[in-house]
Amino acid sequence: MDWLRNNSFRSLTRQPPRSLLNTTAECDRTACYDSFKEHWSQAFKIIQRSQQLPTHDDVLGVVNYLEQMVTLLLLDTKEVDQITIPVSNSSQCLEHLISENILDKLFEWGIRTGKYTNAVRMEQLKLYEMLLTQSRHLLLVHEPFLRPLLKLLQSCQDEVFSKEIEKQLVSLLYQLCVLLMQNVDLLDLFFSKEQNKSKFIIFSLLISFVHREDSVGMQARDALLLCMSLSKKNKNVAAYILEHSNLCVLLATGLSALYSILPHVLQDVVAPDWHRLTPDDVNDIKDLSTFVTSLEFANAVAQVAHPHIRRQLQEFLYRGFLIPVLGPALLQASVGEKVAATTYLELILRTVTHPGLLYPLLQFLIQQQYDGHRLLHILIQRISAEDDLCLVTIALFETMVEINCEDLMLELVFQYLQPCLHLMLSQRQKLLPLDPHCHSFEKFLHLAPSCCDPAGLSPKVDTRNIHWNHYGSQQSLYGNYHAYLCDARNKIAACQLACSHWSNSYTGCDSTVTQDTNLSESPNSLPSLGESSGYESLKIKLDDAIEDLPSWQISQNETASNKQCNLNEHLNENGDQLCTSSTAGPFITVVLDKLNTMISNTLYVNLHLTGLISRLAVYSQPLLRTYLLDHSLVLQPDVPSLFQIIGATKQKIDEYMNRQTDSKSLIKQARSFLQERETRLVNARRSALESKNLAATTTTADTFEPFQRNGPKRRSFTSPLSSFSNMFTRRVSHTETSIQLVSPSEDTAYTQLKFNEPQQVALCAVVLDEWVKELAALAQEHTIAQLSALFK
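Since this is a predicted model, take the numbers as computed values, not measurements.

Caption draft 1: A look at the overall build of the protein chain. A tally of regular secondary structure across the protein chain gives 30 helices and 4 strands. In the protein chain, which comprises 792 residues, the share counted as buried stands at 55%. A sequence separation of at least 24 residues applies to 78% of the contacts in the protein chain between residues at least 6 apart. Approximately 34,400 Å² of the protein chain is accessible, and the part contributed by carbon and sulfur atoms is 50%.

Caption draft 2: The nonpolar core, seen in detail. Residues F190, I202, F291 and F587 are the most contacted members of the largest nonpolar core, which totals 224 residues. Top element by residues in this core is helix 30 (residues 757-790). It accounts for 15 residues. Residue-level mapping places this core at the junction of two domains, with at least three residues from each of domain 1 (246-403) and domain 2 (443-452 + 481-498 + 581-689 + 718-725 + 759-791). Aside from chain neighbours lying at most four places away, what touches F291 is L255, L258, Y259, L262, F321 and I348.

Caption draft 3: Structural context of the environment of Q760. In this structure, Q760 sits in helix 30. Overall, the relative accessible area of 15% leaves Q760 in the buried class. Excluding its chain neighbours within four sequence positions, the residues that come into contact with Q760 are I599, S600, N601, T602, L603 and F755.

Caption draft 4: Focus on the packing of aromatic side chains. Under the definition given, this model contains 17 aromatic pairs. The interplanar angle of 90° and the centroid separation of 6.4 Å between the aromatic rings of F200 and Y240 together place this pair among those described as edge-to-face. Taken together, the positions of F200 in strand 2 (residues 197-200) and Y240 in helix 11 (residues 235-243) put the pair 40 residues apart, joining distant regions of the chain. Given the relative accessible area of 6%, Y240 is considered buried. Centre to centre, the rings of F291 and F321 are 6.2 Å apart; their planes meet at 50°, and the pair counts as tilted. Placement of F291 in helix 14 (residues 288-304) and of F321 in helix 15 (residues 307-330) is noted, with a sequence separation of 30 residues between them. An aromatic cluster is built from F191, F200, F203 and Y240, whose rings are joined through pairwise contacts. The ring of F44 carries the charged tip of K105 above its face, separated from the ring centre by 4.7 Å.

Caption draft 5: Geometry of unusual backbone geometry. Located in the positive-phi region is N404, a residue other than glycine, with phi close to 60°. Note that N404 resides in the loop between helix 19 (387-402) and helix 20 (406-417). For N404, a relative accessible area of 9% gives the class buried. The phi dihedral of Y506 falls on the positive side, at around 55°, and the residue is not glycine.

Caption draft 6: Structural detail: the confidence of the model for the protein chain. Across the protein chain, pLDDT averages 76, with 71% of residues at or above 70. Low pLDDT (under 50) marks residues 1-24, which in the prediction has 52 contacts with non-local residues, meaning those over four places away or in another chain. Here residues 698-722 is modelled with pLDDT under 50, and outside its nearest four sequence neighbours on either side it reaches 50 contacts, counting other chains as well.

Caption draft 7: Here's a closer look at the side chain of R625. Here R625 lies in helix 27 (residues 622-629). Among buried charged residues, R625 stands out as having no salt bridge; its nearest opposite-charge side chain is D630, 6.2 Å away. One polar contact links R625 to Q786, side chain to side chain, over a distance of 3.4 Å. When neighbours within four sequence positions are excluded, R625 is seen to be in contact with Y619, S620, D630, H782 and Q786.

Caption draft 8: Quick look at the packing of helix 6 (residues 117-135) against helix 8 (residues 163-182). Packing of helix 6 against helix 8 leaves a shortest axis separation of 9 Å and a crossing angle of 25°. On the basis of the axis angle, helix 6 is roughly parallel to helix 8. Two packed elements cross with a definite hand, and for helix 6 against helix 8 that hand is left-handed. Taking contact as the criterion, the partners of N118, M122, L125, K126, Y128, E129, L132 and T133 in helix 6 are, on helix 8, E164, I165, Q168, L169, S171, L172, Q175, L176 and L179. Partitioned by chemical class, the residues of the contact of helix 6 with helix 8 number 9 nonpolar, 5 polar and 3 charged.

Caption draft 9: Focus on the packing of helix 12 (residues 247-260) against helix 15. Two elements in contact, helix 12 and helix 15, have axes separated by 8 Å at closest approach and are oriented at 20°. Taken together, the axes of helix 12 and helix 15 lie roughly parallel to each other. Relative to helix 15, the crossing made by helix 12 is right-handed. Residues C248, V249, L251, A252, L255, S256 and Y259 of helix 12 lie in contact with helix 15, whose contacting residues are I309, Q312, L313, F316, L317, G320, F321, V325, L326 and A329.

Analysis parameters
- Residues numbered from 1 in each chain as written.
- Predicted model: local features only at pLDDT ≥ 70, side-chain atom pairs only at ≥ 80, totals over all residues.
- Heavy atoms only, no water.
- Helix = DSSP H or I, 4+ residues; strand = E, 2+ residues; numbered from the N terminus.
- Buried < 20%, exposed > 50% of the residue type's maximum accessible area, 1.4 Å probe, protein only.
- Contact = heavy atoms within 4.5 Å.
- Areas by Shrake-Rupley, 256 points an atom, 1.4 Å probe, with all protein chains shown as cover.
- Core = buried A, V, L, I, M, F, W, Y, C linked by side-chain atoms within 4.5 Å.
- Domains from an automatic or database assignment.
- Phe/Tyr/Trp six-rings, centres within 6.5 Å; stacked < 30°, edge-to-face > 60°.
- Lys NZ or Arg CZ within 6 Å of the ring centre and 35° of its normal.
- pLDDT = per-residue confidence, 0-100.
- Lys, Arg positive; Asp, Glu negative; His and termini not counted.
- Salt bridge = Lys/Arg side-chain N within 4 Å of Asp/Glu carboxyl O.
- Polar contact = N/O pair within 3.5 Å; in protein donor to acceptor, adjacent residues only side chain to side chain.
- Axes fitted to C-alpha atoms, helices over the stretch in contact; angles between N-to-C directions.
- Parallel < 35°, antiparallel > 145°, perpendicular 65-115°, else oblique.
- Left-handed = near helix turned anticlockwise from the far one by under 90°.
- Nonpolar A, V, L, I, M, F, W, Y, C, P; charged D, E, K, R; others polar.

And the structure:
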């Protein structure tokens, strides 16, 4: 009894009560019952004589007897056949507890104990939790048990308790939620009428703990999520949360308040390759962990709650957090503030895993305007900004593209490519032919800088045998073309599965292409956000017939009367300029313009830029795939071509390196530096996984873990051996002060890298040399996937 040992009762001479019996030992149930009755008899005598405020000794006496009764109840119920219904018929102690109306008498006495009311309330909370744990839901059907329980819960409203009592109260409420999830028919017992309004006492008590950061808050949020799940099973719960609670308002305003106190500038981030917030950053940056916890909880609510609750939450988040708070934050004046706001947005996109919150977030990005400019287009232009802002913006779009959302990709790419105005007129009649020989594969490999030829061969090396491995003994990915092929095959297959329910195939035809949707496929993807491709798909369909299915996984086809709708009409309604000019759209144009300055970009911008383009090339939709990977496509003169840009960059690199007397040494140093960096990143990733596994094995059941939903938090880095573009993008804790090799064992401060111009060009050459292999592998695997589909 911690409350007894930590309050004024300690000044009394009476000793703390000792446990009457060992609850693990065998006992005589008859003797147990007799002892139980005697303890209650003695306690009741004290209660009866306490006409006025009880004394210290009176309260201690009742509490001591109550503790002995709890011990006896545990012993007695331990021997009871738990299948017996009701339990009270098998346990004489429980039967006596109910028949003598002990719990009600104890409550009525407890509210008259003056300054000791909370101490007695604490013991009652413990007693109820123990009884519920032992008897499951069976005691809830007994009025002598339920009535005083409800009285006790109602007495806890609008009260300020110590942490110990709060913990015990939330623990009891959580236990009740677990039982009600298993026995939904008992839910109505916990509803009461107050001023002609229905009140769900459990939910109303839990909601005050929703933003608590300690273990009490974590368990309260778990209990609230159970209530949200109950809202799908019981209309009274859903109606109460919607009409009489302010949970959605609390979540939206809570996110706004927590976001407003986040650092406006991330001054402690000094790593030259830092581009997004990692779990370590979340823990290190003040108040960010609390914000992420609140966001994860809101995401979990959207996942399990009744669809009407989810819609209400979306509305409050959109109008109470995204538009008034996040939007202005992204438009702040200083570069440092823009960098911080962009990284917060990227973190939000990675944290929100359920479409219930992706709906308003993507709608916010796609449709919201500030000063006459759409937010998404403002972010696109920042790809051309200085290094820090450019890097975090590219990381943001990498995350967007990874979502595999049709509506987002329609806004970024396909609405501009679908009219085929980026192609010469002669190309539009024989659009997107299949090249079974994949000549683009060889074309890409010929675009590798000549100065990177490992054997000093001419640029016309036999590309059919290009399986070099410059660092074969160290198992590096450099030059390992087979590894690129395997990676490309896996990525293409995963992306095809994620996009399998898109409402359009984006082949360049004028009319939309519809297909039957299999509702059971692609359980882990987010192909589209609603009824059809286009902005209208951001509307939520609350059809009870498919409510049990995750509607965000399905791009619902248009109705039969609209199946022949011309996509160009949709484009005309949303942007007439698309039909009057040849363009690949602002997103692809800005990305390729940035690639055109590859030699002057920093190493880390180039790594992420090439990674973003490669991820776009993973999409199998013909319009995008051929635009990026088909060298035979004839584009309009003012439309940027990936092949032309890479070819021009290769020429600049070769011309520059030919003027350097130590070009071979520079290339060797660049390769060594990047491979050493790869080694450190792989080791850092391995150490992080080992530490995580060790922590998992040493965690006990009684230890509270950080609040998590849907498994571990998504980390900002991917597999260390996934592809070239992802190979060097993660933050490590080692110095990289020059292009010279740095030992992996060194553990010094992380400082800003400074490369001179020859070193910068050499690094660019090595990056381009590896990237064209990745693009070649993607082109090959796309061709194989197309041929395989023809023979199915």
